[in-house]
Amino acid sequence: MSVKRKIWGKTADGKAIFRYTLTNAKGSSVVLSNIGAGIVSINVPDRNGKLGDVVIGYGKPENYFADGPCAGKCPGRYANRIAKGEFSLDGKKYSLPVNNGPNHLHGGPDGFQNQVWDSRKRKGGVEFKYTSADGEAGYPGNLTVVARYDWSDNDELRLTFTARTDRKTVVNLTNHSYFNLNCKGNILRHYLKLNASEYLPTDATLIPVGEPEAVAGTPMDFLNAKTLGRDIRKDFPALNYGKGYDACWCIDGYMPGQIQEAAELYSKSSGRVLKVYTTQPGVQIYTGNYLTGCPEGKRGRIYHDYDAVAIECQHFPDSPNNPEFPSTVLKPGKLFREAIIFAFGVE
């Protein structure tokens, strides 16, 4: 495994922005950045062996700061939404910045995705570290997060998150890469299969309401592979709210710490397959419904709505306000540890 680092740029206050390129024995490669511990490129072969970049992103490092799509990066301290930017721990109320309608999204405008992380090559992989101060964005506790990426000769990208805190807090971490297995066009003809027989219904601001509901008989059913475009225009609350899919599915068979298959994405055109595995209980599928107007992409590409799909393995949105959901509370002396695997192949 070859791991190379080079300086990509500098921030206004002089922090170095690095690009790391991990290349395996087959020549497939992953490019990472210390802006938001992000994935910049994933270059894997199609059925004819031709390499192509299957994630969207930007050619200039400055475009990764405060971009609307959060392309490729790791948001936090809490990925996804917290209703009205408020939650309570042990009877104490905490207020967070509201940046998505009435809600708090992805840790707020200065979330982990918009920070320059410490970074290093280590044992054949790359580690990014960020320390979030007590009170940052309203969250309690000094929290130190490490995101480690490993790239295998089998074209498997493994992301492991670990975190520790000195005060009781809440944590939800994911990677927000957007995939297009054709490297061009939109993803409405991509086939998606989810290991999830239930999803979380939400209100119009995408905050969960009530119990998980069965996907059977609804456009949310991906238990058998179907194209993303097949039902995306259906008149259904979860589709009307977000102009497409932007919802959390509950992964079947979830057990804390156990790797489960979450999703499988396939393109008949390129033959590429992406299987996603995780230790987390949920997977948010977002079909890039508002990509139009985002920064100019790599090689000058202009992105449009539905040009890529995000597959975000995570805990459920608004878990701090829903005690019946798997807990996102982290206590001092305990280790937060979650994993996501992106496994690429061809059929």
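Here, every reference points to the structure presented above.
**Q** When you look at the overall build of the protein chain in this model, what are you seeing that I'm missing?
**A** Scanning the protein chain from terminus to terminus reveals one helix and 26 strands. Since a compact globule built from 347 residues should have a radius of gyration of about 20 Å, the 19 Å found for the protein chain is in line with a globular shape. C-alpha atoms of the protein chain, sized along the principal axes, occupy 60 × 50 × 40 Å. Taken over 347 residues, the protein chain has a buried fraction of 58%.

**Q** Could you clarify how one ought to interpret the environment of S119 in this entry?
**A** When you line up the elements, S119 lands in strand 10 (residues 118–122). Among the residues examined, S119 registers a relative accessible area of 17% and is labelled buried. Sequence separation between S119 and A147 is 28 residues; the distance between their C-alpha atoms is 9.4 Å. Leave out the neighbours within four places in its chain, and S119 touches R5, F18, Y20, N34, E127 and F128. A polar contact is formed between the side chain of S119 and the side chain of Y20, at a distance of 2.7 Å.

**Q** When you look at the layout of surface pockets in this model, what are you seeing that I'm missing?
**A** Rolled over the atoms, a probe as big as a water molecule pinpoints where empty space is left. Reported here for the largest pocket is a volume of approximately 600 Å³. Lining the largest pocket are 32 residues; nearest its centre among them are G68, P69, N100, L105 and H106. Counting residues per element, the ones that place at least two in the lining of the largest pocket are helix 1 (237–242) and strand 23 (282–286). Considered as a void within the structure, the second largest pocket measures approximately 290 Å³ in volume. Every residue lining the second largest pocket is counted, 15 residues in all, and those nearest its centre are S327, V329, L335, F336 and E338. Here the lining of the second largest pocket gets three residues from one element, more than from any other, and that element is strand 26 (residues 336–346). The residue inventory of the lining of the second largest pocket, partitioned by class, reads seven nonpolar, four polar and four charged.

**Q** I would appreciate a short explanation of the sheet that holds strand 21 (residues 260–266) in the present structure.
**A** By way of backbone hydrogen bonds, the strands of a sheet pair with one another, either parallel or antiparallel. Overall, antiparallel pairing links the nine strands, which are arranged 10-11-12-13-26-22-21-16-19 in an open sheet. On the outer flanks of this sheet lie strand 10 and strand 19 (226–227), each paired with one strand and no other. Across nine bridges, the pairing between strand 12 (residues 143–151) and strand 13 (residues 156–165) is antiparallel. The residue bridging D150 from the neighbouring strand is R158, located in strand 13.

**Q** So what exactly am I meant to see when it comes to the pairing of strand 13 here?
**A** On any regular strand, side chains alternate: one points to one face of the sheet, the next to the other face. Within strand 13, seven of the 10 residues are buried, which leaves it mostly tucked inside the rest of the structure. If you look at the hairpin formed by strand 12 and strand 13, you'll find four residues sitting between the two strands, and D155 has a positive phi there, around 60°. With eight bridges joining them, strand 13 and strand 26 adopt antiparallel strand pairing. Counted as the bridge partner of L157 is F342 from strand 26.

**Q** Is there a simple way to explain the pattern of salt bridges in this structure?
**A** Proximity of charged atoms lets side chains of opposite charge pair with each other. A full pass over the atoms with the stated rule returns 17 salt bridges. A salt bridge links E127 to R122; the nearest nitrogen and oxygen atoms lie 3.8 Å apart. E127 gets classed as buried once you look at its relative accessible area, which sits at 15%. One salt bridge connects R148 with E127, and the closest N-O pair in it is separated by 3.2 Å. Note that R148 is positioned in strand 12 and E127 in strand 11 (residues 125–132), a separation of 21 residues in sequence.

**Q** Looking at this structure, how should I read the nonpolar core?
**A** A general trend in soluble globular proteins is that nonpolar side chains are found buried together. Core analysis: the biggest nonpolar cluster contains 65 residues, and I42 and W249 have the highest contact counts within it. Sort the elements by how many residues they give to this core and strand 12 lands first, with five residues. Each residue touching I42, except ones within four places of it in the same chain, is listed here: S29, V30, G52, D53, V54, V55, W151, L157, F179 and F344. Counting 16 residues, the second largest nonpolar core, distinct from the first, contains I35, Y178, Y303 and A308.

**Q** When you look at the pairing of strand 23 in this model, what are you seeing that I'm missing?
**A** For strand 23, the tally of buried residues reaches five of five residues, placing the bulk of the element in the interior. Along strand 23, one buried face is formed by G282, Q284 and Y286 and the opposite face, lined by V283 and I285, is buried too. Sheet analysis places strand 20 (residues 246–250) next to strand 23, joined by five bridges and oriented antiparallel. Looking across to strand 23, one finds that W249 is bridged to V283.

**Q** Please explain the sheet that holds strand 20 as it appears in this structure.
**A** Spatial ordering of the open sheet is given by 15-24-23-20-17-18, a layout of six strands whose pairing is antiparallel. Looking at strand neighbours, the two that pair on one side only are strand 15 (178–179) and strand 18 (213–214), the edges of this open sheet. Taken together, the five bridges between strand 23 and strand 24 (residues 309–314) define a ladder with antiparallel strand orientation. Note that in strand 24 the partner of G282 across the bridge is Q314.

Calculation criteria
- Residues numbered from 1 in each chain as written.
- Predicted model: local features only at pLDDT ≥ 70, side-chain atom pairs only at ≥ 80, totals over all residues.
- Heavy atoms only, no water.
- Helix = DSSP H or I, 4+ residues; strand = E, 2+ residues; numbered from the N terminus.
- Rg over C-alpha atoms; globule rule 2.2 N^0.38 Å.
- Buried < 20%, exposed > 50% of the residue type's maximum accessible area, 1.4 Å probe, protein only.
- Contact = heavy atoms within 4.5 Å.
- Polar contact = N/O pair within 3.5 Å; in protein donor to acceptor, adjacent residues only side chain to side chain.
- 1 Å grid on protein atoms, 1.4 Å probe; cavity = no way out; pocket = protein on both sides within 12 Å on 5 of 7 lines; lining within 4 Å.
- Points joined across faces, edges and corners; volume = space filled by probe spheres on them.
- Nonpolar A, V, L, I, M, F, W, Y, C, P; charged D, E, K, R; others polar.
- Pairing = 2+ DSSP bridges.
- Salt bridge = Lys/Arg side-chain N within 4 Å of Asp/Glu carboxyl O.
- Core = buried A, V, L, I, M, F, W, Y, C linked by side-chain atoms within 4.5 Å.

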